[in-house]
Amino acid sequence: MSDEKAAASAGPVAPAPIAADAAGGAGALPDYAAMGAAVRTDAERWPTLSPLGLDALTRWRQTPHAPIWVHECGDLLTAEDHEVLGRRRAELLEPARAGRGGADRDGDDPPAWVEALVDRCRRHTTFFGRLGATSFDQLPMISRADLVRDVAAFVPRDQPLDRVVQGTSSGSSGAALVIPLDPVEISTELLLLERLLADVGVDWPHDPDRVGLLSVVDQRQAFTYASVLTIRDDQRMARVNLDPAAWCVPGDRESFLAAARPQVVTGSALSLLALARLDVRLDPLALVSGAVDLTPAARVELEQRWQTTVLDLWGLKETGPLAVSTDGGPHVVVPRRVHLEVVDGGGRALPDGECGELVATVDGNPLLPLLRYRTGDTGSLTWVGDRRAIVGLEGRAPVSFRAADGRLVPSVDLTQQLQHHGARSWSVHQGRDGTVVARVLGGQPAVLREALCTLLGDAVCVETVPTPADLGPGKPRRFSSALDGAG
Amino acid sequence: MTDETARGNDPIGSTVWEPRRASSPGPELGALMARLRATPPAIVDEDVVLEALVHDTLDLVEERGPGDVLGHLDDRVDLTLKDVPARLAAAVTCWLLTAPEVVAVLPAPRAARSLDAIRRMAELIAVLPLRSWLSDDEDRQEEVARALLRALALRPSGETHELAEDRWTSISSTTRREALRLAAQHQAWAEELARRLSEEKAREAAAQYTHV
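Just so we're clear, the structure is a prediction, and the values are computed from it rather than from any experiment.

1. Quick look at the overall build of chain A
Helix and strand content of chain A: 13 helices and 20 strands. Here the contacts in chain A between residues at least 6 apart in sequence split such that 65% fall between residues at least 24 apart. On chain A, roughly 18000 Å² of surface is accessible, and the fraction owed to carbon and sulfur atoms is 51%.

Right, here's the structure in full:
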């Protein structure tokens, strides 16, 4: 789950001040002074980067028309990590191994690695040790609330913590969740993208004249950074915010993007649509959408605008990528250790073809293996060839609000403010007349109202509620708008 | 280690081990152990709606009075909590509470005692995995049965209070030591993880590539 879907928080996926806000503008979140969270040296960020590579990185940071970078992030990969990733790349891209890693149609159900994971979690995690379960079918399902309550109970004690980095997600409950991430696993996502593109016939060469990967967001406040990909021969990458206020002068955004000519662009459906509507030529090899639903109309718009491949990648921050749709059809489980189930409201497993909540078992992040994890998203299971796939994936619907002056405000902007000012859970609805009613658990109503008014105008009403139950049963639909037709 | 120290070091805050000053005669221990062995799979099935099960249990052990039962539930047992092991323990406890042998001797106020027992047994599972409750290990079955009786301020039929307490101490000592060890281990691990995650370098994090 990304910050587009959810919210901002501390860490690299968190927001930082846009230019105006950095100068003290309305709605600035003081936690995120530019570069305030960047503490490592470049040698620590890119342990294997050569002096030549460092020179190139310096030029990249200072490239003409660059946005106001507000953070620094490297890949943290050591020489040993490169060896591990080299082997993973060979495994992922070797044609003979295509299709392995997840559930195979003719394989065991659940796959053998699932039972091995149960055994490992029983021996090394507090949560599963307490349960004492010895087989997958004895396990109850777990949810995000379990992680929020005590994430350490799910982190295997046999794992070293000396290289742990933060990942954050706010999720549907509104309570921020900090999870431990592993640098090698993060970079494995790049290899996964190479494989997914290869599967649809897209070659992604290490072209030094082009930016290898551009991650785009479009929100009021966001971390942005210039970086390099050492597993792609030090090719450049960046995370940029399309919000006009994130750039020094008008026109910089388009000039920067055109010069970068990113090969692969990742973002949410909303930020990718915002990019598509800019007057700029990019010639991307592929777009990778995530975080929120990519509607058929949005897919068509992106495909027609760029005449290129569009992948819709589904997953959560907690689980990593789970499934991908390359053509608007079913989301096929990606080639990593992913086992999916579909359950009804009572937690009963449903047969293929019946729609219910998707429950994921993943063994990717060594610091957070997850067994029978409720995703909160829905769909039904099927097979595409010998691969597990999801039909009718839903649950990531993006919501935009309309401000009094007509601007569209993505829900992530509201999440940032609500979370920053102490709200723990909420349900925010905009009526047809534009009035916004926020029902909130935690925080001061007057302060929250003022924060929301800076985004939306004066027609905001904030009510506090005493318990999460007052926000409604099940997964709270935190944002809804009768005026939401954007995107 | 004294009881006080033990509890002080025990982050689960368990009340399972608290000494009982008095108890009333209860059912045969063997009957309760047999009831435990006969726990229907449906009780520990995920389909069980715990709230409904608790209400049914209260209906069985006591005519529902004019009091606000739901209010009791909210006060005494956090039934909205998502702690799966605790919910399973509560479900099994409901099954044991409705044994005719238990209902027959349960002192008043029955609903309050039952809810208290559910809470205490939900704590027991933190240190004694559900699998061992339902295993063939008779010592563990006896431990669960004695834990429930103590939670209800009862003692096995035919035992004095002092004898019952002695036997409880004896049979639960291994679990108790293990509980303290596991709790301390987890607390240290959780503190280490929190410390590592809050370090500035961890917060700077690594570049992210996808938007899942």
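2. Some thoughts on the interface of chain B and chain A
Residue-level contacts link 35 residues of chain B with 82 residues of chain A. Summing both partners gives a buried area of about 4600 Å² for chain B against chain A, and 58% of it is carried by carbon and sulfur. By the criterion of area lost to chain A, the three top residues of chain B are B:Tyr209, B:His211 and B:Val212, representing 21% of everything that side buries. Note that A:Glu44 and B:Lys201 form a salt bridge whose closest N and O atoms lie 2.5 Å from each other. Counting the contacts that link chain B with chain A gives 20 residue pairs in polar contact (both at pLDDT 80 or more).

3. Looking at the sheet that holds strand 3 (residues 213-217) of chain A
Residue and element names in this part refer to chain A. A sheet is described by the order of its strands in space; here twelve strands give the open sequence 4-5-3-6-7-8-9-10-14-13-12-11, paired in mixed fashion. Single-partner strands in this sheet number two, and they are strand 4 (225-229) and strand 11 (338-343). Averaged over all pairs of adjacent strands, the angle between strand axes in this sheet comes to 35°, irrespective of strand direction. For strand 10 (residues 331-333) and strand 14 (residues 387-394), the ladder comprises two bridges, and the chain directions are antiparallel. Its bridge partner being in strand 14, Val332 is matched across the sheet by Ala389.

4. With respect to the environment of A:Ala43
Within the fold, A:Ala43 resides in helix 2 (residues 42-45). When the C-alpha atoms of A:Ala43 and A:Leu54 are compared, they prove to be 8.9 Å apart, with eleven residues separating the residues in sequence.

5. Quick look at the confidence of the model for chain B
Residue and element names in this part refer to chain B. Residues at a pLDDT of 70 or more form 82% of chain B, whose mean pLDDT is 81. Within chain B, the lowest mean pLDDT, 35, falls on helix 1 (residues 3-8), and the highest, 95, falls on helix 2 (residues 29-37). Of the regions scoring below 50 in pLDDT, residues 1-13 engages in 19 contacts with residues more than four places distant in sequence or in other chains.

6. Re the packing of aromatic side chains
The tally for this structure, following the rule as stated, stands at nine aromatic pairs over all chains. When the centroid spacing of 5.0 Å and the interplanar angle of 80° are considered together, the rings of A:Phe127 and A:Phe128 count as edge-to-face. Like A:Phe127, the residue A:Phe128 is buried in the burial classification. Considering the side-chain rings of A:Phe127 and A:Phe154, the 4.6 Å spacing of their centres and the 25° angle between planes classify their relative orientation as stacked. Here A:Phe127 is found in helix 6 (residues 126-131), whereas its partner A:Phe154 is found in the loop between helix 7 (144-150) and strand 1 (165-169), with 27 residues between them in sequence. For A:Phe127, a relative accessible area of 5% corresponds to the buried category. Take A:Phe154: its relative accessible area is 2%, and that puts it in the buried class. Through successive ring pairs, a cluster of aromatic residues spans A:Trp60, A:Trp69, A:Trp247 and A:Phe256. Its end group placed over the ring of A:Trp60, A:Arg236 keeps NZ or CZ at 4.9 Å from the ring centre. The residue whose ring lies beneath B:Arg35 is B:Trp95, and the NZ or CZ to ring-centre distance is 3.5 Å.

7. Structural notes on the pairing of strand 13 (residues 370-384) of chain A
Residues and elements named next belong to chain A. Bridge count between strand 12 (residues 356-362) and strand 13: five bridges; the pairing is antiparallel. Paired with Val362 across the strands is Leu370, a residue of strand 13. With antiparallel pairing between neighbouring strands as the criterion, strand 13 and strand 14 make up a hairpin whose turn holds two residues, including Gly385 at a positive phi of roughly 65°.

8. Notes on the confidence of the model for chain A
All names here are of chain A. Of the residues in chain A, 86% have a pLDDT of 70 or more, and the chain-wide mean is 86. The weakest mean pLDDT in chain A belongs to helix 1 (residues 19-22) at 38; the strongest belongs to helix 9 (residues 252-260) at 98. In the model, residues 473-477 has pLDDT below 50 throughout and makes six contacts with residues more than four positions away in sequence or in other chains.

9. Quick look at the nonpolar core
Ranked by size, the top nonpolar core spans 127 residues in total, and within it A:Phe128, A:Leu213 and B:Trp133 carry the most contacts. For this core, the leading source of residues is helix 5 (residues 84-97) of chain B, giving ten residues. In this structure, A:Leu213 is in contact with A:Leu190, A:Leu193, A:Trp204, A:Leu229, A:Arg236, A:Met237, A:Ala238, A:Val264, A:Thr266 and B:Tyr209, ignoring residues within four places of it in sequence. Counting 37 residues, the second largest nonpolar core, distinct from the first, contains A:Ala246, A:Val265, A:Ala276 and A:Ala291.

10. A few points about the pattern of salt bridges
Counted according to the given criterion, the structure contains 41 salt bridges over all chains. Of the charged contacts, one joins A:Arg45 and B:Glu204 as a salt bridge, the two residues approaching to 2.5 Å between their closest N and O atoms. Taken together, the positions of A:Arg45 in helix 2 and B:Glu204 in helix 11 (residues 200-204) put the pair across two chains. For the residue pair A:Arg45 and B:Glu204, the accessibility class agrees, reading buried in each case.

11. Here we look at empty space enclosed by the protein
All names here are of chain B. For the coordinates displayed, the defined rule picks out four cavities of 30 Å³ or more. Taken as a whole, the largest cavity holds about 80 Å³ of empty space. Along its surface, the largest cavity is lined by 13 residues, and Arg150, Leu154, Arg155, Ala164 and Glu165 are the ones closest to its centre. Every element with two or more residues in the lining of the largest cavity is listed here: helix 9 (138-151), strand 2 (154-155) and helix 10 (161-198). A per-class count over the lining of the largest cavity returns six nonpolar, two polar and five charged.

Rules used throughout
Residues numbered from 1 in each chain as written. Chains lettered and ligands numbered in written order. Predicted model: local features only at pLDDT ≥ 70, side-chain atom pairs only at ≥ 80, totals over all residues. Heavy atoms only, no water. Helix = DSSP H or I, 4+ residues; strand = E, 2+ residues; numbered from the N terminus. Contact = heavy atoms within 4.5 Å. Areas by Shrake-Rupley, 256 points an atom, 1.4 Å probe, with all protein chains shown as cover. Buried area = accessible area lost by both parts, 1.4 Å probe. Salt bridge = Lys/Arg side-chain N within 4 Å of Asp/Glu carboxyl O. Polar contact = N/O pair within 3.5 Å; in protein donor to acceptor, adjacent residues only side chain to side chain. Pairing = 2+ DSSP bridges. Axes fitted to C-alpha atoms, helices over the stretch in contact; angles between N-to-C directions. pLDDT = per-residue confidence, 0-100. Phe/Tyr/Trp six-rings, centres within 6.5 Å; stacked < 30°, edge-to-face > 60°. Buried < 20%, exposed > 50% of the residue type's maximum accessible area, 1.4 Å probe, protein only. Lys NZ or Arg CZ within 6 Å of the ring centre and 35° of its normal. Core = buried A, V, L, I, M, F, W, Y, C linked by side-chain atoms within 4.5 Å. 1 Å grid on protein atoms, 1.4 Å probe; cavity = no way out; pocket = protein on both sides within 12 Å on 5 of 7 lines; lining within 4 Å. Points joined across faces, edges and corners; volume = space filled by probe spheres on them. Nonpolar A, V, L, I, M, F, W, Y, C, P; charged D, E, K, R; others polar.

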